[in-house]
Amino acid sequence: MAGKYIWSALVGSIAVAYVCDNIISDQKIFGGSTPSTVSRKEWLLETDKKFQAWPRTAGPPVVMNPISRQNFIVKSGLDQ
């Protein structure tokens, strides 16, 4: 019995979110326009070409959480 209320509320909220997104973003009820950097295909291709042309340099792999990985070196003493 409660399942149909949960299901209908979920579907209803998705429908309301879609309608609001469509009205605000696509129909632009608050004004504005889509920037040319988003709407032009040439800009996307040139940006992709630029990112692919950058030299890729990397250091050694970084362990984000060394405590969980247990693969770090612990220096014992102050002489090192």
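Provided above is the structure to which this section pertains.
Numbering of residues starts from 1 in every chain and runs along the sequence as written. Local features are withheld for residues below a pLDDT of 70 in this predicted model, meaning they are given only at 70 or higher, and side-chain atom pairs are given and counted only at 80 or more; totals for whole chains, interfaces and linings count all residues. Only hydrogens and water are set aside; all other atoms, that is, all heavy atoms of the structure, feed into the side-chain values.

## Things to note about the overall build of the protein
Part 1: A count of helical and extended segments in the protein gives 4 helices and 0 strands.
Part 2: Put simply, the protein has 80 residues, and 1% of those count as buried.
Part 3: With residues, only the protein chains shown are counted as cover, and all accessible areas are computed by Shrake-Rupley using a 1.4 Å probe. Counting only carbon and sulfur atoms, one obtains 64% of the accessible surface of the protein, whose full area is about 7800 Å². Secondary structure counts use DSSP, requiring at least four H or I residues in a row for a helix and at least two E residues in a row for a strand, with both numbered from the N terminus. Whether a residue is buried, partly exposed or exposed follows from its accessible area with a 1.4 Å probe, protein chains only, as a fraction of its type maximum: under 20%, in between, or over 50%, in that order.

## Quick word on unusual backbone geometry
Part 1: Although it is not a glycine, K28 adopts a positive phi angle of roughly 50 degrees.
Part 2: On the secondary structure map, K28 appears in the loop between α1 (2-26) and α2 (36-39).

## Side note on the pattern of salt bridges
Part 1: Each reported salt bridge corresponds to a side-chain nitrogen of Lys or Arg within 4 Å of a carboxyl oxygen of Asp or Glu. Inspection of every chain in the model, using the stated rule, returns 2 salt bridges.
Part 2: Between E42 and R40 there is a salt bridge, with the nearest N and O atoms lying 3.7 Å from each other.
Part 3: Using a relative accessible area of 41% as the deciding quantity, one classes R40 as partly exposed.
Part 4: Put simply, E46 and K49 hold a salt bridge, and the shortest N to O gap is 3.3 Å.

## Comments concerning α1
Part 1: The span one expects for a helix is its residue count, reduced by one, times 1.5 Å. Under the 1.5 Å per step criterion, the end-to-end length of α1 is 35 Å for 25 residues, consistent within 8% with the ideal 36 Å.
Part 2: Downstream of α1 by one or two residues, K28 has phi in the positive range, about 50 degrees.

## Some words on a nonpolar patch on the surface
Part 1: Patches here: salt-bridge-free residues with over 30% relative accessible area, like charges joined within 9 Å, nonpolar side chains (Val, Leu, Ile, Met, Phe, Trp, Tyr) joined within 5 Å. Together, Y18, V19, I23, I24, I29 and F30 make up a nonpolar patch on the protein surface, roughly 640 Å² of accessible area in all.
Part 2: Within the element layout of this structure, I23 appears in helix α1.
Part 3: I23 sits in the partly exposed class, given a relative accessible area of 32%.

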